[in-house]
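# Residue-level structural notes
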Amino acid sequence: MDDSLRELYQDVILDHSRHPRHFGVLEKATHKAEGYNPLCGDRVTVYLALDEAGKVADIKFQGKGCAISQASASLMTQLLKGRSREDAQALMDGFLHLVKGEDAAALSAEDRESLDVMSGISEFPMRVKCATLAWH
């Protein structure tokens, strides 16, 4: 990855960390999950509301942690809204492969473009847990 692209990706991660999208408590959540990484202290709670068709009608997250964990959660909320459970699972699987440096060919071109900002995480194995906390 060239330096200008790496710098752009860092800027996107910092922007999502400083100004997270869909941050807060979702009062009408149908699902709630909490995650904690004891190695670094990152915490996240994900709130999800599914509609009658089983699609993600709304999603929010709340938590504290490093820039990577917060940016990853923010990106996740942007990408999951409107997706079916099956699509959400496929996106998660692709993302997990991406941040581990594995083949993420199953991601659509559009999803890959949005998530490529996190692809460099694979160079830092201890940070993979930060990036995947909200996704799990």
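This section reports on the structure supplied with the text. Keep in mind the model is a prediction, meaning the values are calculated, not measured.

## Observations concerning the side chain of T77
- Position of T77 relative to the elements: it lies in helix α2 (residues 67–80).
- Excluding anything up to four places from it in sequence, T77 contacts R21, H22, I59, K60 and F61.

## What to know about the pattern of salt bridges
- Inspection of the entire model under this criterion finds five salt bridges.
- In this structure, D15 and R21 form a salt bridge, with 2.6 Å as the shortest nitrogen-oxygen distance.
- Note that D111 is salt-bridged to R83, the shortest N-O span being 2.5 Å. Taken together, the positions of D111 in helix α4 (residues 109–115) and R83 in the loop between α2 and α3 (85–99) put the pair 28 residues apart, joining distant regions of the chain.
- For D111, a relative accessible area of 8% puts it in the buried group.
- Given the relative accessible area of 19%, R83 is considered buried.

## So, the pairing of strand β1 (residues 31–37)
- Note that β1 and strand β2 (residues 42–50) share seven bridges and pair antiparallel. Note on β2: the bridge partner recorded for N37 is D42.
- Hairpin remark: β1 followed by β2, antiparallel, with four residues in the connecting loop; positive phi at G41, about 90 degrees.

## Things to note about the packing of aromatic side chains
- Applying the stated criterion across every chain yields a total of two aromatic pairs.
- Judged by centre distance (5.2 Å) and plane angle (90 degrees), the ring pair of F23 and F61 falls under edge-to-face. Pair noted here: F23 is in the loop between α1 (3–18) and β1 and F61 is in strand β3 (residues 56–64), with a separation of 38 residues, a long-range link.
- A relative accessible area of 39% places F23 in the partly exposed class.

Quick notes on the rules
Residues numbered from 1 in each chain as written. Predicted model: local features only at pLDDT ≥ 70, side-chain atom pairs only at ≥ 80, totals over all residues. Heavy atoms only, no water. Helix = DSSP H or I, 4+ residues; strand = E, 2+ residues; numbered from the N terminus. Contact = heavy atoms within 4.5 Å. Salt bridge = Lys/Arg side-chain N within 4 Å of Asp/Glu carboxyl O. Buried < 20%, exposed > 50% of the residue type's maximum accessible area, 1.4 Å probe, protein only. Pairing = 2+ DSSP bridges. Phe/Tyr/Trp six-rings, centres within 6.5 Å; stacked < 30°, edge-to-face > 60°.

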